[in-house]
Amino acid sequence: MYYMFRLASLVAAIAFSHGWLFDDFGEKLNELDEISLWPLPQIFKSSDLSFQLSPNSFQIVHGKESSAGPSCSLLQNAFRRYFEYIFGEVRKQDKRSKQAFSPDLVELQVWVTSADPECDGYPSLQTDESYELTVNQPSAVLKASNVWGALRGLETFSQLIYEDDYGTYHINKTVISDFPRFAHRGILLDTSRHYLPLKVILKNLEVMAMNKFNVFHWHIVDDPSFPYLSRTFPDLSQKGAYHPYTHVYTPSDVKMVIEFARMRGIRVIPEFDTPGHTQSWGNGQKDLLTPCYSGSTPSGTFGPVNPILNSTYEFMTQLFKEISTVFPDAYIHLGGDEVDFTCWKSNPDIQKFMKEQSFGTDYTKLESYYIQRLVDIVAATKKGYMVWQEVFDNGVKLKADTQIHVWKRQPQYQDEMARITAAGFNALLSTPWYLNRITYGQDWEDIYKADPRNFTGTDAQKQLVIGGEACLWGEFVDATNLTPRLWPRASAVAERLWSNKNVTDLSNAYKRLAQHRCRMVKRGIPAQPLFVGHCRHEYNGK
């Protein structure tokens, strides 16, 4: 993986030196506002030569020697989906019959070149998402080593097509060679603070694919509610969800999310955050949480997971064994953040345990004791794990492939990224991308300017930064406002994680992002506007 990205960076650098990238074509493309690629490809050459397409004759097909054929349902479904993205508006309106012209471009051939196209597999951190796209008469050709790269190329191809004032479809002669800058490009959604209906999750997975995100970080449970329906411990949701039947994710729901995501090249990484953020867990699992004391008597309230009981680890062993079988991804997010020590400090049994373990009064050592046992439990399931930065800060012994997730504002997150990578761990950034924080105006600009590798460190350290995630926490977000709050602001993160590090022109980005937002709206996504104006398609009909 390391060498693939080093090679990709070298290719991009050569491309910049030869003027092959978008900036040299910006003036021409600004005149053709219909062409607005997002995120910007690594290498992009376009010509003034325009080809016409007709929805009545155009096809998306497998290349004759492609290793993925009609039996590859993932691509077959993608072909239908992207044909609808491109031409669906025609069918919804007057179903324009035969055009009065002979189309120049009649098909897009999709060639998957590796012996194993991965049609039935799952994307991973090591997935190759690169592709090459050539648009020329009479056929366009999309080449990728596997289905995941083909999916990314299909999205780019769909963005190249535009309509003129007479409703005729066009695409310019184009050559693209593209690959992501970072392997992990994620969106975190919180389904505990407000339950998100399944259709909202699926809709946003759809939009993630439109923006070339490839990880859905599912913060599925937290203090307020436990909507995950566990087969092993059904009382967790029966007693911990907002409603035991309407506000839960059943095994079939979870399976649907995972498959829907897979069909779009998106990994699903669940987060079961402990020992804090677990108040809802205690409703359905007796003695899991720590009893808090007021003086020498129990107060009737409970704190974090009780780290001194063997029953705690027996429970966690069974729960994470189930989780590891339900979610196919190689990683599980274990949380580990924001543990309030007040209750632990009040509990006499905890105090006694602290003395026995020679922890003194340092409760971070108790937290580390718990996390250490938990990561060993998860490691026994053959899963890797992600943790929030506090776990690293507190000195827990972690596996070499652990991913440390940086979220805190202070001290400077750049310093934290430097410390994590200096210790040899993979790092993920979210600090500047908490999209639940909203302001008036163009807040996407600061989101866009934040770079995960903008810290003082060696090249080897920078390579340990595998990407980042935009986070939308749910205190003030539910099904009514999630999608417009997330998009197109999250799109700014998408380009930062996909495109070349030198793609930083805010003026150019604004023009393309405004058009991309209109594209999403045209596809049925209620993405909020960037500023004043309108989308061209808004007034095509009455």
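Residues numbered from 1 in each chain as written. Predicted model: local features only at pLDDT ≥ 70, side-chain atom pairs only at ≥ 80, totals over all residues. Heavy atoms only, no water.

*Asks:* I tried to follow the state of the cysteines on my own but got confused; where do I start?
*Replies:* Any covalent bond linking the sulfur atoms of two cysteines counts as a disulfide. Scanning the entire structure with this criterion turns up 3 disulfides. Across the disulfide, Cys292 is cross-linked to Cys343 (sulfur-sulfur distance 2.1 Å). As the torsion about the S-S bond is roughly -115°, the Cys292-Cys343 disulfide counts as left-handed. Of this pair, Cys292 sits in strand 11 (residues 289-294) while Cys343 sits in helix 10 (residues 342-346), and the two are 51 residues apart along the sequence. (Disulfide = S-S within 2.5 Å. Helix = DSSP H or I, 4+ residues; strand = E, 2+ residues; numbered from the N terminus.)

*Asks:* Is there a simple way to think about the pattern of salt bridges in this case?
*Replies:* In a structure, side chains of opposite charge can pair up when their charged atoms sit close to one another. Counted by the stated rule, this structure contains 18 salt bridges. Arg193 is paired through a salt bridge with Asp190; the nearest N and O atoms lie 2.9 Å apart. Taking the shortest distance from any N to any O, the salt bridge between Glu475 and Arg193 comes out at 3.2 Å. Linking Glu475 in the loop between strand 17 (465-472) and helix 17 (482-486) with Arg193 in the loop between strand 8 (184-190) and helix 5 (198-210), this pair joins segments that are 282 residues apart in sequence. With relative accessibility at 40%, the residue Glu475 sits in the partly exposed group. Through salt bridges with shared partners, a single network forms among Asp190, Arg193, Asp222 and Glu475. (Salt bridge = Lys/Arg side-chain N within 4 Å of Asp/Glu carboxyl O. Buried < 20%, exposed > 50% of the residue type's maximum accessible area, 1.4 Å probe, protein only.)

*Asks:* Help me out: how do you make sense of unusual backbone geometry in this one?
*Replies:* The phi torsion of most residues other than glycine is negative, and most of the peptide bonds are trans. In this structure, Pro39 follows Trp38 across a cis peptide bond, with omega equal to -10°. Looking at the element boundaries, Pro39 is found in the loop between helix 2 (26-31) and strand 1 (43-53). Note that the residue after Gln137, namely Pro138, is joined by a cis bond; omega there is 5°. Position of Pro138 among the secondary structure elements: in the loop between strand 4 (131-135) and strand 5 (139-144). Phi at Lys212 is positive, roughly 65°, even though this residue is not glycine. Locating Lys212 in the fold gives a position in the loop between helix 5 and strand 9 (215-219).

*Asks:* Got a minute to help me understand the packing of aromatic side chains in this structure?
*Replies:* Centre-to-centre distance and the angle between the planes together describe a pair of aromatic rings. Per the counting criterion, the structure on display carries 29 aromatic pairs. For the ring pair Phe226 and Trp281, a centre distance of 5.3 Å and an interplane angle of 90° mean the geometry is edge-to-face. Linking Phe226 in the loop between strand 9 and helix 6 (235-240) with Trp281 in helix 8 (residues 279-284), this pair joins segments that are 55 residues apart in sequence. The burial state of Phe226 is the same as that of Trp281; both residues are buried. Between Trp444 and Tyr448 the ring centres are 5.8 Å apart and the planes differ by 70°, which places this aromatic pair in the edge-to-face class. Here Trp444 pairs with Tyr448, and both are found in helix 15 (residues 444-449), just 4 residues apart, close to one helical turn. Taking the relative accessible area as the measure of exposure, Trp444 reaches 2% and is therefore buried. Residue class for Tyr448 comes out buried when judged on its relative accessible area of 1%. Here the aromatic cluster, defined as three or more aromatic residues joined through ring pairs, consists of Tyr195, Phe216, Trp218, Phe226, Tyr228, Phe233, Tyr249, Phe272, Trp281, Phe315, Phe320 and Phe327. In this structure, Lys212 is placed above the aromatic ring of Trp498, and the distance from its NZ or CZ to the ring centre is 5.7 Å. (Phe/Tyr/Trp six-rings, centres within 6.5 Å; stacked < 30°, edge-to-face > 60°. Lys NZ or Arg CZ within 6 Å of the ring centre and 35° of its normal.)

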